[in-house]
Amino acid sequence: MTADPNAATQAFPPPPHRRDSPARYLVPALVAAAVAVGLGVYGKVHDPTGTAFNLAGFSSTGAVKSWLATTAFFFALVQVVSAFMVYGKLPGPSWSATLHRWSGRIAFLVAVPVAVHCLYAFGYQTYSTRVMWHSALGCLFFGAFSAKMLLLRSERLPGWLLPLVGGLVFTGLTLLWLTSALWFFRTFGVST
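Residues numbered from 1 in each chain as written. Predicted model: local features only at pLDDT ≥ 70, side-chain atom pairs only at ≥ 80, totals over all residues. Heavy atoms only, no water.

Where an unreviewed UniProt entry is consulted, the chain appears under the name DUF6529 family protein, with the organism given as Streptomyces hokutonensis.

Quick look at the structure:
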């Protein structure tokens, strides 16, 4: 038996209409909460070591972390501007989406060693208001980031949801930078 190459093809039936379930938004929210709480609990029960790494060319671990955090913050700013270009709020080149994705990846990759050092060397601390806010914001940032990454893979999201979660991630990173790198530079001076 041979197939007729000129025969009409049979279309597959359309997929059944799926109703939007609140669970598809609940799962990223629960994962975000689990990540934030998990990091906080680990940071609180872990015995701080005082230091985790230092990088040649820098005068202190605080300088390394401050410059890495500043680099992450810079790429987060690029992410915000490129997001406005992707959503058509600012004019931008055809490669705005690529810039948005890569600036986010770089910001995250640069922020991870800072977070690992903070958790391992200091843990979750509350001895001053600034440090307490910094500890809480670090946990919340990585929770919100986890939710954003999960939502990126969801289909048919409401148009406001991803920008809202992305804004929370950016706000968290900004507040982390203000309570760490900016504080360090103001207290110890801008040095390497």
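### Points about the side chain of S103
With respect to the secondary-structure elements, S103 resides in helix α3 (residues 96-122). Of the residues examined, S103 reaches a relative accessible area of 2% and is grouped as buried. (Helix = DSSP H or I, 4+ residues; strand = E, 2+ residues; numbered from the N terminus. Buried < 20%, exposed > 50% of the residue type's maximum accessible area, 1.4 Å probe, protein only.)

### Quick word on the UniProt feature "transmembrane region" (unreviewed entry) in the chain
Summarizing the sequence annotation, UniProt attributes the feature "transmembrane region" (unreviewed entry) to residues 25-43, 63-86, 106-125, 131-151 and 160-185 in the numbering used throughout. Annotation note: span residues 106-125, helix share 85%, strand share 0%, distance between end C-alpha atoms 27 Å. Helix makes up 96% of residues 160-185 and strand 0%. Its end C-alpha atoms lie 36 Å apart. (UniProt positions renumbered as here; feature names shortened; annotations may be inferred.)

### Points about the side chain of S96
Checked against the element boundaries, S96 lands in helix α3. On the basis of relative accessible area, S96 is assigned to the buried category, the value being 4%. Looking at S96, its side chain comes within polar contact range of the main-chain oxygen of P93, at 2.7 Å. Filtering out sequence-adjacent residues up to four positions away, S96 remains in contact with S82, M85 and V86. (Polar contact = N/O pair within 3.5 Å; in protein donor to acceptor, adjacent residues only side chain to side chain. Contact = heavy atoms within 4.5 Å.)

### Looking at the environment of L152
As for its placement among the helices and strands, L152 is situated in helix α4 (residues 129-152). Of the residues examined, L152 reaches a relative accessible area of 42% and is grouped as partly exposed. Distance in space between the C-alpha atoms of L152 and L162 is 7.5 Å, their sequence separation being 10 residues.

### Here's the deal with the packing of aromatic side chains
When we look at a pair of aromatic rings, we describe it by the centre distance and by the angle of the planes. Scanning the entire structure with this criterion turns up 11 aromatic pairs. Both rings, one in F73 and one in F170, keep their centres 6.2 Å apart while their planes meet at 15 degrees; by these two values the pair is stacked. One end of the pair, F73, is in helix α2 (residues 61-86); the other, F170, is in helix α5 (residues 161-188), and 97 residues separate them in sequence. For F170, a relative accessible area of 22% gives the class partly exposed. Between F184 and F188, the ring centres sit 5.0 Å apart and the planes meet at 40 degrees, which makes this aromatic pair tilted. Within this pair, F184 and its partner F188 are both found in helix α5, separated by four residues, close to a single helical turn. You can call F188 exposed: its relative accessible area is 53%. (Phe/Tyr/Trp six-rings, centres within 6.5 Å; stacked < 30°, edge-to-face > 60°.)

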